[in-house]
Amino acid sequence: MRILIDKGSGCCNGVGRAISTAEQYLSGHDRLYSLGAIVHNDAEIQRLAGLGLHTVGYSDLSSLRGSTVLIRAHGEPPSTYALAREAGVSLIDCTCPVVLALQKKIASKYAELSSRGGRVLIFGKRGHAEVNGLVGQTDGHAVVVENMDDLESRLCSGAVDPSRPLALFSQTTKDPEEFAALAARLREAASAAGNADVEVFDTICRHVSSRHKALRDFAASCSVIIFVCGRESSNGKVLFELCRSVNPRSYKVEGAEEIPAGIFRPDDTVGICGATSTTRWQLEKVAAALSSL
């Protein structure tokens, strides 16, 4: 049995930067608080907890006066910074530069469109930390669209009026092909309503978008795929489904102990890959476990 680790898998730059920042701070301090899980990866959260990183929620801030709190790569809405000031906590802002640029772009476009009765749409997962931060740039007025059915429902209900100026953005970790399909449908609806004022901003992270083709090729080149990611990883769910669409013998696990028994053949080439929230050490640990079979 041959075992390969996908060279492109591992934490994206934004998540890796947040983790490195936390590690650096904790090398000289006993404790650091993270506002929300620093990464959607239980194994990595447990490792960092051992170093002194504690995950907290918004309701905890009022009791942390004088403490230091890390803003994770997903980013936060303006209201969070105001809450932190009121609570008297110091912030280490690890918002991913790509997300930060997107927040600024959405805030600017919302200010422009709101004066013309327009609407900002965001393709993303409702309630996701990054999406909450993006919606916060519009004072909560952006419409979040999760998929094509959701868009159709909102067009039908009037929540999205295709006759008004529209601007479509995307959560940075979404599927580029699905985003393109949504953009095409939105333009079609607007054209039918006599509206040519539709702007589409492809704000999917280049690291993420390039991963789709590379991972598709990797999955096709292997006889079995072991996809490693946390259960809460939105990006992991998207990338795993991509692998499975190419290679039916794809299995999603959080660690080697979850790999189903009896799935391998002597002549298999087993590919190990993961989400943008999956650390390299986890991929290597799974590879080591497979090597010992």
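Above this text you will find the structure in question.
In short, a report on the structure. The model shown is predicted, which means the values in this text are computed figures rather than measured ones. (Residues numbered from 1 in each chain as written. Predicted model: local features only at pLDDT ≥ 70, side-chain atom pairs only at ≥ 80, totals over all residues. Heavy atoms only, no water.)

1. Quick word on empty space enclosed by the protein
- The final tally for this structure, using the stated rule, is 1 cavity of 30 Å³ or more.
- Taken as a whole, the largest cavity spans an internal volume of roughly 30 Å³.
- Leu-121, Val-145, Leu-151, Leu-168, Leu-182 and Leu-186 together form the lining of the largest cavity.
- Looking at the lining of the largest cavity residue by residue, the classes come out as 6 nonpolar, no polar and no charged. (1 Å grid on protein atoms, 1.4 Å probe; cavity = no way out; pocket = protein on both sides within 12 Å on 5 of 7 lines; lining within 4 Å. Points joined across faces, edges and corners; volume = space filled by probe spheres on them. Nonpolar A, V, L, I, M, F, W, Y, C, P; charged D, E, K, R; others polar.)

2. So, the nonpolar core
- One finds Leu-121, Val-145, Leu-151, Val-160, Leu-166, Leu-168 and Leu-186 to be the most contacted residues of the largest nonpolar core, which totals 19 residues.
- Ranked by the residues each element gives to this core, the list is headed by helix H7 (residues 176–192), at 6 residues.
- With residues near it in sequence (within four places) discarded, Leu-186 still touches Leu-121, Leu-151, Val-160, Leu-166, Leu-168 and Val-198. (Core = buried A, V, L, I, M, F, W, Y, C linked by side-chain atoms within 4.5 Å. Buried < 20%, exposed > 50% of the residue type's maximum accessible area, 1.4 Å probe, protein only. Helix = DSSP H or I, 4+ residues; strand = E, 2+ residues; numbered from the N terminus. Contact = heavy atoms within 4.5 Å.)

3. Regarding the environment of Tyr-251
- Within the secondary structure, Tyr-251 sits in strand S11 (residues 250–253).
- Assessed through its relative accessible area of 25%, Tyr-251 is described here as partly exposed.
- Separated by 225 residues in the primary sequence, Tyr-251 and Leu-26 have C-alpha atoms spaced 35 Å apart.

4. A short note on helix H4 (residues 97–114)
- Look at H4: 26 Å from first C-alpha to last across 18 residues, which is about the 26 Å you get at 1.5 Å a residue.
- All of the buried residues along H4 are Val-99, Leu-102, Gln-103, Ile-106, Lys-109, Tyr-110 and Leu-113. One face of H4 carries all of its buried residues, which in axial projection span an arc of 140°. The exposed set on the far side of H4, more than 90 degrees from its buried face, consists of Pro-97 and Lys-104.
- Looking at the buried residues of H4, the elements they touch are strand S6 (119–123), helix H5 (129–135), strand S8 (166–170) and strand S9 (198–200). (Expected span 1.5 Å × (residues − 1). Arc of directions from axis to C-beta.)

All quantities given are derived from atomic positions and should not be read as evidence of function.
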